[in-house]
Amino acid sequence: MSVTTVGAIVGIVIFLMLTLAVPVRTYIAQRKEFSQLQQSNAELIQQTREYRSRLAQQSDPAYIENEARARLQYVMPGDKAVVIVDPAGQARQAEQAAERQRAATPWYENLMDAVSTPPKG
């Protein structure tokens, strides 16, 4: 083989590699996007199933009755409602409110309060 033949073959191979590089890169990118879309589609199908299940559950009169009793403290006619007041719960709510207030104030005000207020004990 002569040098010009080898050069021509190398040139043709380089030309083919450059010509095929863009379509191969596009193909790989499209396959990746396709797999991502398939995964997203599977997640959406699962989410749709969950929503349909919740819709069927919320259409059930027994579920509605249980939620009304639990969330709204409704009682059926003839039942007696008993309310138990928990003093520890009220103290816990007061502590949580104080913590929310402390979190809402700037850090430097909390620092000044900590320095200027003697410790409880």
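Residues numbered from 1 in each chain as written. Predicted model: local features only at pLDDT ≥ 70, side-chain atom pairs only at ≥ 80, totals over all residues. Heavy atoms only, no water.

## Regarding the overall build of the chain
Applied cut-off: A run of H or I in DSSP becomes a helix once it reaches four residues, and a run of E becomes a strand once it reaches two; helices and strands are each numbered from the N terminus. The atom set for the radius of gyration is the C-alpha atoms, and the globule formula is 2.2 Å times the number of residues raised to the power 0.38. For each residue, the accessible area found with a 1.4 Å probe, counting protein chains only, is set against the maximum for its type, and the residue is called buried under 20%, exposed over 50%, and partly exposed in between. Values of accessible area rely on a 1.4 Å probe in the Shrake-Rupley scheme; residue burial ignores everything except the protein chains shown. The convention is simple: Lys and Arg are positive, Asp and Glu are negative, and His and the chain ends are not counted. Lys charges are placed at NZ, Arg charges at CZ, Asp charges at CG and Glu charges at CD.
Each helix and strand in the chain was counted, giving 4 helices and 0 strands. The secondary structure elements of the chain, listed N-terminal to C-terminal, are α-α-α-α. Relative to a compact globule of 121 residues, whose C-alpha radius of gyration would be 14 Å, the chain shows 35 Å and is clearly more extended. Principal axes of the C-alpha set define a box for the chain whose edges measure 105 × 55 × 20 Å. Within the chain, the proportion of its 121 residues that are buried is 2%. Of the roughly 11,400 Å² of accessible surface on the chain, 62% is carried by carbon and sulfur atoms. Between the averaged position of the 13 positive side-chain charges in the chain and that of its 12 negative side-chain charges there is a distance of 8 Å.

## Section: helix α2 (residues 61–72)
The condition is simple: For a helix, the expected span equals 1.5 Å multiplied by the number of residues minus one.
Look at α2: 16 Å from first C-alpha to last across 12 residues, which is about the 16 Å you get at 1.5 Å a residue. Looking one or two residues beyond α2, the residue adopting positive phi is Q73, at roughly 55°.

## Description of the pattern of salt bridges
Keep this limit in mind: By definition here, a salt bridge exists when the distance from a side-chain nitrogen of Lys or Arg to a carboxyl oxygen of Asp or Glu is within 4 Å.
Evaluated as defined, the whole model comprises 4 salt bridges. Residue E67 is joined to R71 by a salt bridge in which the shortest nitrogen-to-oxygen separation is 2.7 Å. With E67 and R71 both in helix α2 and 4 residues apart, this pair spans about one turn of that helix. Look at E67 and you get partly exposed, because its relative accessible area is 24%. Within this structure, E65, R69 and D79 form a network of salt bridges that share partners.

## Topic: a nonpolar patch on the surface
Here is the rule: Each patch is assembled from residues with relative accessible area greater than 30% and no salt bridge, linking like charges that lie within 9 Å and nonpolar side chains (Val, Leu, Ile, Met, Phe, Trp, Tyr) that lie within 5 Å.
Taken together, the side chains of M1, V6, I9, V10, V13, I14, M17 and L18 present a nonpolar region at the surface, about 820 Å² in accessible area. In this structure, M1 sits in the segment before α1 (3–58).

## Quick look at the confidence of the model for the chain
To be explicit about the condition: Per residue, pLDDT captures the predictor's confidence, and it can take any value from 0 to 100.
With 99% of its residues at a pLDDT of 70 or more, the chain shows a mean pLDDT of 89. No element of the chain has a lower mean pLDDT than helix α4 (residues 107–116), which averages 85, and none a higher one than α1, which averages 93.

## A short note on the environment of A88
By secondary structure assignment, the location of A88 is in helix α3 (residues 87–104). Residue A88 is classed as partly exposed on the basis of its relative accessible area, which comes to 42%. Remark: the alpha-carbon pair of A88 and V10, spanning 78 residues in sequence, is separated by 85 Å.

## Regarding unusual backbone geometry
Here the phi dihedral of Q73 falls at roughly 55°; this positive angle occurs in a residue that is not glycine. Relative to the helices and strands, Q73 resides in the loop between α2 and α3.

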